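One letter stands for each residue in the lines below.
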Amino acid sequence: MEKDCALSEILSDKAVMEVFVATLRTRSALSSLSGVLTHLISIPSEVSGYKVLGAVKHELVTNRLSKMGKDEQHPVIPPRIIASLIDQLDEFISDISSVRLRLESFLRNILEDKKFARSPSMQAKLGYRCAEFGPFFGEGADIYGLRALFERYGVRDLPSLSSFLTRTQHACRIYLHIYSGMRHSEALSLKLGCLKKKGRGRLSIFKLSGETSKFVGQKKPVSWVTSEDVLPAYKVVSLISSVVGNHIGLAKKETPLFISMGYLEFSCPLQHEDGIVRVASANSKSQEIYEYLDSSDLRITAEDLDVLEKISPLRAWEAESEFSVGSVWRFTTHQFRRSLAFYVTQSANVSLPSLKRQLKHLTRDMTVYYCQGSGLSKDFETDSHIASLFQREKPEADAVAYIYDAIMSAEKLSGAHGKHVERNVRSNYGSRVVLRESRDELISKFKIGQLAYTQTPLGACTTMSPCDKRLFRSIAACLNCDSAIIKSGKLDKVIQRQKAFIDDISRDGESTVELRTEREELEALVKFRDTM
């Protein structure tokens, strides 16, 4: 701008703002301005000290952003949407898993008997007379008890069966992406037998072994920690791939987990060439599982948009048509990677019980292996591995949790650090909090180890040092800790459960050491609550 203007003049005068916006040449600068305007508009002018014209943001900033190129940052999938996707995938895979052995026999019969499940015209074309015809497709489905499954998913003949199997492969691959964080090409590198269980009991984990060539110049063996929850999907896709692999004479260790259905002699079969095995990469929408899913549960709501703004407040989400309210969320592999890293590294962000339940194993296994011990395994050496993404994503995930679960919480905070937040960070502000330090500065504190955030039964902990009190499993030890954030709602729940626990163990006698210890714990919790 040619003349100096006060910030209040720019924000309140449309003509001046128009000149100022014209000086911003990059999407990043415009997005930052859009985020600032969004927050200022939501805060009463008597609190912020600035009066912002609402029309300015939409007419000048949002419209200009919509005309620029797309933001390449892959978004974190909102919890409600990814939970809905997992639920629908669970239901679909469960449908097939319950009849998978019958499906396997059905497929093998089709491949071994050229008449079985073919149409009358196809059997006649093969040289058979009417008296020699084998069971048609529907009759064959009845023989193996598959009619209900096929009717549910519109499978009427061999071509639609091929599409059904391809979509089933895609469903299983998406499931592995969600629960492992591997890339598209890495999933396609998996072979039969790639899922292994390591260890025993509570210390056991599940690993997927494959290859990666991203950034390393050549194929490199690598593995990904995953969850026992992937077993049904893995067994279903393994069964399908095993049938196809056997049909074209592949050894188990050479058979891709996601081998192309083109090798089945249903329609336009592929010819198998030695050394070259094609995989099912779902190159068109018709080959994707989303054709079977209920898109109404995958539409973006205002609440979903609010989650996106919390995670990336400087991005003008409303200016991007694909993220507008009512649009069906379009999933990508990179979104699954970033969402997994974000939610698992900071479980405080997983606000829905269903998503917590679905990711509970990953939270333990992946945090231990990737966030704490990734440097101990040669499997995680490449910068492209999901473990590296965990390391990069954790500071921002922790910072977002700290901002919205502590600083912006509507609940009054207690505990040493909780009182610090109350007195020094969010005092004198309305429901929308203006941080005294920028978001980037806060994230940098998490990156360099000046601040941490971990949920606890009573609220949260911000210590950067190992906690020696957890060894004694004393919940009340948090009450007098300098790093503790105590929330009254959580405290009340802990007190209720402690009372129930004491009632249970008191049946063994009134003089046990355990009972006296637990009563002292309860007394400390109740006393703290009464003084809050």
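Residues numbered from 1 in each chain as written. Predicted model: local features only at pLDDT ≥ 70, side-chain atom pairs only at ≥ 80, totals over all residues. Heavy atoms only, no water.

K.L.:
When you look at the pattern of salt bridges in this model, what are you seeing that I'm missing?
P.N.:
Pairing is possible between side chains that carry opposite charge, provided their charged atoms lie close to one another. What the rule picks out here adds up to 10 salt bridges. Linking R80 and D304 is a salt bridge whose minimum nitrogen-to-oxygen distance equals 2.7 Å. Here the residue R80 occupies a position in helix 6 (residues 79-97), and D304 occupies one in helix 14 (residues 302-311), the gap between them amounting to 224 residues. Taking the relative accessible area as the measure of exposure, D304 reaches 3% and is therefore buried. Between E104 and R108 there is a salt bridge, and its shortest N-O distance comes to 3.0 Å. Residue E104 and its partner R108 are located together in helix 7 (residues 100-112), separated by 4 residues, close to a single helical turn. Residue class for R108 comes out partly exposed when judged on its relative accessible area of 25%. Residues joined by salt bridges that share partners form a network here, namely D142, R147 and E151. (Salt bridge = Lys/Arg side-chain N within 4 Å of Asp/Glu carboxyl O. Helix = DSSP H or I, 4+ residues; strand = E, 2+ residues; numbered from the N terminus. Buried < 20%, exposed > 50% of the residue type's maximum accessible area, 1.4 Å probe, protein only.)

K.L.:
I keep staring at the nonpolar core and nothing clicks. Help me out?
P.N.:
Buried together is how nonpolar side chains tend to be arranged in soluble globular proteins. Within the largest apolar cluster, 77 residues are counted, with the highest numbers of intra-cluster contacts made by L85, F106, F150, L161, F164 and L165. Looking at which element gives the most residues to this core, the answer is helix 11 (residues 158-178), with 10 residues. Non-local contacts of L161, meaning those with residues more than four positions away in its chain, are made with F106, L107, I110, F137, F150, V155 and F266. Of all hydrophobic cores here, the second largest spans 24 residues; its members include I311, V400, I403 and L451. (Core = buried A, V, L, I, M, F, W, Y, C linked by side-chain atoms within 4.5 Å. Contact = heavy atoms within 4.5 Å.)

K.L.:
Where do I start with the sheet that holds strand 4 (residues 413-414) in this structure?
P.N.:
If you walk across this open sheet you meet the 4 strands as 4-7-6-5, and the pairing is antiparallel. For this open sheet the edge positions go to strand 4 and strand 5 (454-456), each flanked by a neighbour on one side alone. Looking at chain direction, strand 4 and strand 7 (residues 484-487) are connected through 2 bridges and run antiparallel. Within the sheet, the bridge partner assigned to S414 lies in strand 7 and is I486. (Pairing = 2+ DSSP bridges.)

K.L.:
Could you clarify how one ought to interpret the sheet that holds strand 1 (residues 195-198) in this entry?
P.N.:
The strands that make up a sheet are held in pairs by hydrogen bonds between backbone atoms, and each pair lies either parallel or antiparallel. With antiparallel pairing, 3 strands are arranged side by side in an open sheet as 1-2-3. Each edge of the sheet is formed by a strand with only one pairing partner; in this case those strands are strand 1 and strand 3 (220-226). Strand-to-strand twist in this sheet, taken as the mean axis angle between neighbours without regard to direction, amounts to 35°. Note: strand 2 (residues 205-212) against strand 3, 7 bridges, orientation antiparallel. From the neighbouring strand, F206 faces strand 3, where its bridge partner is T226. (Axes fitted to C-alpha atoms, helices over the stretch in contact; angles between N-to-C directions.)

K.L.:
Just checking my understanding: could you explain the packing of helix 6 against helix 13 (residues 231-247) for this structure?
P.N.:
When two helices pack together, their arrangement is given by the angle between their axes and by how far apart the axes lie. Between helix 6 and helix 13, whose axes approach to 10 Å, the crossing angle comes to 50°. The angle between the axes of helix 6 and helix 13 places the two elements in the oblique class. With respect to the hand of their crossing, helix 6 and helix 13 are arranged in left-handed fashion. Contact residues: helix 6 offers I93, I96 and S97, while helix 13 offers P232, A233 and V236. Counted by class, the contact of helix 6 with helix 13 contains 5 nonpolar, 1 polar and no charged residues. (Parallel < 35°, antiparallel > 145°, perpendicular 65-115°, else oblique. Left-handed = near helix turned anticlockwise from the far one by under 90°. Nonpolar A, V, L, I, M, F, W, Y, C, P; charged D, E, K, R; others polar.)

K.L.:
Quick question: what am I supposed to make of the environment of F446 here?
P.N.:
Following the sequence through the fold, F446 ends up in helix 19 (residues 439-447). Given the relative accessible area of 8%, F446 is considered buried. Taking C-alpha positions, F446 is 7.6 Å from E396, a pair spaced 50 residues apart along the chain. When sequence neighbours within four positions are dropped, the list of residues in contact with F446 reads P395, D398, A399, Y402, L451, A452 and Y453.

K.L.:
What's the story with the packing of aromatic side chains in this structure? I'm lost.
P.N.:
Tallying each qualifying case throughout the model produces 21 aromatic pairs. Ring geometry for F133 against F136: centres 6.2 Å apart, planes inclined by 65°, an arrangement best described as edge-to-face. A ring pair is formed by Y153 and F164, whose centres lie 5.9 Å apart and whose planes are at 35°; its orientation type is tilted. With a gap of 11 residues between them, Y153 in the loop between helix 10 (147-152) and helix 11 and F164 in helix 11 connect regions that are remote in the sequence. Classification of Y153 as buried rests on a relative accessible area of 12%. Three or more aromatic residues joined by ring pairs make a cluster, and in this case those are F92, F106, F116, F137, Y144, F150, Y153, F164 and Y292. The cationic tip of K115 hangs over the ring face of Y128; the distance from NZ or CZ to the ring centre is 5.1 Å. The ring of Y292 carries the charged tip of R167 above its face, separated from the ring centre by 4.9 Å. (Phe/Tyr/Trp six-rings, centres within 6.5 Å; stacked < 30°, edge-to-face > 60°. Lys NZ or Arg CZ within 6 Å of the ring centre and 35° of its normal.)

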